[in-house]
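This is what each chain is made of:
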Amino acid sequence: MSGNKEVSFDPKEHQHLRYNPLRDTWVLVSAHRMKRPWAGQVEKPPEEHIPRHDPSNPLCPGNTRANGEVNPDYDSTFLFENDFPALQPDAPDPGKCSDQHPLFQSKAARGVCKVMCFHPWSDVTLPLMKKQEVVKVIDKWAELVEELGATYPWVQIFENKGAMMGCSNPHPHCQVWASNFLPNEPALSDSCQRAYYQKHGEPLLLQYAKQEAEKKERVVVESSDWLAVVPYWATWPYQTLLLPRRHVLRINDLTTEERGGECDATITLSERVIRPLRVVQGLADIMKRLLTKYDNLFEISFPYSMGWHGAPTGPHLKEDNCHWQLHAHYYPPLLRSATVKKFMVGYEMLAQEQRDLTPEQAAEKLRNLPEEHFKRRENLEKGGGKDKKRTIKM
């Protein structure tokens, strides 16, 4: 229109769509909505004083679970069969009727569900665990993918952290479900990654990691081997994507160094005089750095749902899966504060996903947070006699 001044696009002020190549879907970004006042649901902050050992907690060492089994006095990770599994290995086949209408289809679903405790103490989470304790968690994940993946097409490792994400027990743990079918999300991701590889000749997420490492604007933490970003197509406010920098199909394909990070043992004593010892920062370090930033954002034990996606297993082990790249998704619900979360309702359920701040804004907030956990800082202050009262940033 004549006489009207042309307005230049600002992603922080003007709504726009972003493409998610892992799902072949679009996300509506409406960052200006963060200016609206909030008079809606306010959540309870996470419980702060969790006992190290609760005699009534079925996940603690030495305690009795719902099925009557007694946990061993474990001092590291502890794995057991889920007492209330969603998948069972011997479930009967629903069968097929010759007159079955195509609108009423069903098929067999079989598998196993396991629970894995990260640590014997209930009052620690992954960012507060020692690095070698986190390495043991990663090693157990890799072992499970190797073991269950020999038979099952899909092994899903996932962690629901916090009551806000449906976690029924505060003890640090995750779940592992192995199924005789490829679930919807990995099946969609498989299709999208395959199509990209066939068109471009390179794994989608390997190229994406290179692009993000160059741009820097959505990077939260990084090392020579790992990259954590708020993805360009993120839906949840502080969603992140954790990626290895080299081509890796599954978590059990990671080297010892990529899991835990070790000094470069190939450097001789004489060489160390000439050049400094190279320290590899592995997955355990990157996870601790990322999750510490999450906790520091609102100075609480940050809730999220996370999970690993890698190339399918079982019968797919014999196939060419070079289009796949190992990655982990973190989906935290919090938006404005420790007590106000993002609701995926209405438009999100009936039309398409929508987010309320740009991925670049979220990444900048996370990136600029300290990497020293706020609880450790508080303990130091108390130890020095300051005992300052913690203020949650809203």
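Residues numbered from 1 in each chain as written. Predicted model: local features only at pLDDT ≥ 70, side-chain atom pairs only at ≥ 80, totals over all residues. Heavy atoms only, no water.

### A short note on the overall build of the protein
Condition: For the purposes of this entry, the term helix denotes a DSSP run of H or I that reaches at least four residues, the term strand denotes a run of E that reaches at least two, and both are numbered from the N terminus. Three labels apply to residues, based on accessible area from a 1.4 Å probe with only protein chains included: buried if under 20% of the type maximum, exposed if over 50%, partly exposed otherwise in between. Accessible surface is estimated by sampling points in the Shrake-Rupley manner with a 1.4 Å probe; for residues, cover comes only from the protein chains shown.
Helix and strand counts for the protein stand at nine helices and twelve strands. In the protein, which comprises 394 residues, the proportion classed as buried is 49%. Summing over all exposed atoms, the protein offers an accessible surface of approximately 20,500 Å²; the carbon and sulfur share of this is 53%.

### Some words on the packing of helix α1 (residues 131-148) against helix α6 (residues 283-298)
The line we're drawing: In this analysis an axis means a line fitted to C-alpha atoms, helices contributing only their contacting stretch, and an angle means the value between N-to-C directions, from 0 to 180 degrees. An angle below 35 degrees is treated as roughly parallel, one above 145 as roughly antiparallel, one from 65 to 115 as roughly perpendicular, and anything else as oblique. Less than a right angle of anticlockwise turn of the near helix away from the far helix marks a crossing as left-handed, whereas a clockwise turn marks it as right-handed. By the convention used here, residues are in contact when the closest approach between their heavy atoms is within 4.5 Å. For this scheme, ten residues count as nonpolar: Ala, Val, Leu, Ile, Met, Phe, Trp, Tyr, Cys and Pro. Four count as charged, namely Asp, Glu, Lys and Arg, and the remainder, Gly too, count as polar.
Packing of α1 against α6 leaves a shortest axis separation of 9 Å and a crossing angle of 115 degrees. Our classification of the angle between α1 and α6 gives roughly perpendicular. Read as a crossing pair, α1 and α6 show a hand that is right-handed. Where α1 abuts α6, its residues K131, V134, V135, I138 and W141 lie against L283, A284, D285, M287 and K288. Grouping the constituent residues of the contact of α1 with α6 by class yields seven nonpolar, no polar and three charged.

### A word on a nonpolar patch on the surface
Put simply, the test is: Each patch is built from salt-bridge-free residues with over 30% relative accessible area, joining like charges within 9 Å and nonpolar side chains (Val, Leu, Ile, Met, Phe, Trp, Tyr) within 5 Å. Between Lys or Arg on one side and Asp or Glu on the other, a salt bridge is scored when a side-chain nitrogen of the former is within 4 Å of a carboxyl oxygen of the latter.
Taken together, the side chains of L17, Y19 and W26 define a hydrophobic patch exposed on the protein surface, amounting to about 300 Å² of accessible area. Looking at where W26 falls in the secondary structure, it is placed in strand β2 (residues 25-29). Residue classification places W26 among the partly exposed positions, given a relative accessible area of 43%.

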